[in-house]
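# Examining the three-dimensional arrangement
One-letter residues, chain by chain:
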Amino acid sequence: RQGRRHHVTGIDLSPTYLKLGKLLQTLGMRPRADLLQMNAESLRPEWTDRFDLVTSIWLLHELPRPATERVLDEMVRVLKPGGRLLLMDSWQLDDVPQERREAGQAIQRFFARYFNEPYYLAYQRLDIPALLTARGLKVERSESWFRSKLWVARK
């Protein structure tokens, strides 16, 4: 959009979300991108060290721990040396101020039950920076906004 001619590749397991993305492209509401149906646990072998930037938005809390680790392994594999990984997902319990921790836990339990999120509470206990560091990434920063959290790491 800024005349930089970036090549964008987007993946999703859901054909419905991909159709929506393609519809938005035809309406001119999103930049052109290759949108592919693919499991993030198994990206294309030829993508090793291919991307300058890899993003994941609200995926990790949807996955059991072994799948989370496979997804992170794949994201690191396809990231070029020196490239950045941006993870956006739900806040975690440590992001809630201590004086509101009990209320925060109640909200998280409600979210997991009401929205049928079977892995959400386990995600709340994940040490994302440790998972990233174990994969050779350097966590540059993390930021929380309302109920979301962003981690930025470099390969």
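Refer to the structure printed above.
Residues numbered from 1 in each chain as written. Predicted model: local features only at pLDDT ≥ 70, side-chain atom pairs only at ≥ 80, totals over all residues. Heavy atoms only, no water.

### Describing the pattern of salt bridges
According to the stated counting rule, one finds ten salt bridges in the structure shown. The partner of Asp 49 in a salt bridge is Lys 155, with the nearest N and O atoms 3.0 Å apart. With a gap of 106 residues between them, Asp 49 in the loop between strand E2 (34-37) and strand E3 (51-57) and Lys 155 in the segment after strand E6 (148-154) connect regions that are remote in the sequence. With relative accessibility at 35%, the residue Asp 49 sits in the partly exposed group. Taken together, the shared-partner salt bridges in this structure form one network comprising Arg 65, Glu 69, Asp 73 and Arg 135. (Salt bridge = Lys/Arg side-chain N within 4 Å of Asp/Glu carboxyl O. Helix = DSSP H or I, 4+ residues; strand = E, 2+ residues; numbered from the N terminus. Buried < 20%, exposed > 50% of the residue type's maximum accessible area, 1.4 Å probe, protein only.)

### Observations concerning helix H2 (residues 65-78)
If you check H2, its first and last C-alpha atoms are 20 Å apart, about what 14 residues at 1.5 Å a residue would give, namely 20 Å. What H2 keeps buried is the set Ala 67, Thr 68, Val 71, Leu 72, Glu 74, Met 75, Val 76 and Val 78. (Expected span 1.5 Å × (residues − 1).)

### A word on a nonpolar patch on the surface
Taken together, the side chains of Tyr 17, Leu 20, Leu 23 and Leu 27 present a nonpolar region at the surface, about 440 Å² in accessible area. Here Leu 27 lies in the loop between helix H1 (15-26) and E2. (Patch = residues over 30% accessible without salt bridge, like charges linked within 9 Å, V, L, I, M, F, W, Y side chains within 5 Å. Areas by Shrake-Rupley, 256 points an atom, 1.4 Å probe, with all protein chains shown as cover.)

### Re the nonpolar core
Ranked by size, the top nonpolar core spans 29 residues in total, and within it Leu 85, Leu 87, Ile 128 and Leu 132 carry the most contacts. Residue assignment for this core shows that the elements contributing at least two residues are E3, H2, strand E4 (79-90), helix H4 (120-124), helix H5 (128-134) and E6. When neighbours within four sequence positions are excluded, Leu 132 is seen to be in contact with Leu 72, Leu 85, Leu 87, Leu 137, Val 139, Trp 151 and Ala 153. (Core = buried A, V, L, I, M, F, W, Y, C linked by side-chain atoms within 4.5 Å. Contact = heavy atoms within 4.5 Å.)

### A look at the sheet that holds E4
If you trace the four strands from one edge of the open sheet to the other, you get E3-E4-E6-E5, paired in mixed fashion. With one partner strand each, in any of the chains shown, E3 and strand E5 (138-145) form the two edges of the open sheet. Across the sheet, the mean angle from the axis of one strand to that of its neighbour is 10°, orientation sign disregarded. Sheet topology places E5 next to E6; seven bridges connect them, and they run antiparallel. Counted as the bridge partner of Val 139 is Ala 153 from E6. Where H2 meets the sheet, it contacts E3 and E4, and its direction lies at approximately 145° from that of E4. (Pairing = 2+ DSSP bridges. Axes fitted to C-alpha atoms, helices over the stretch in contact; angles between N-to-C directions.)

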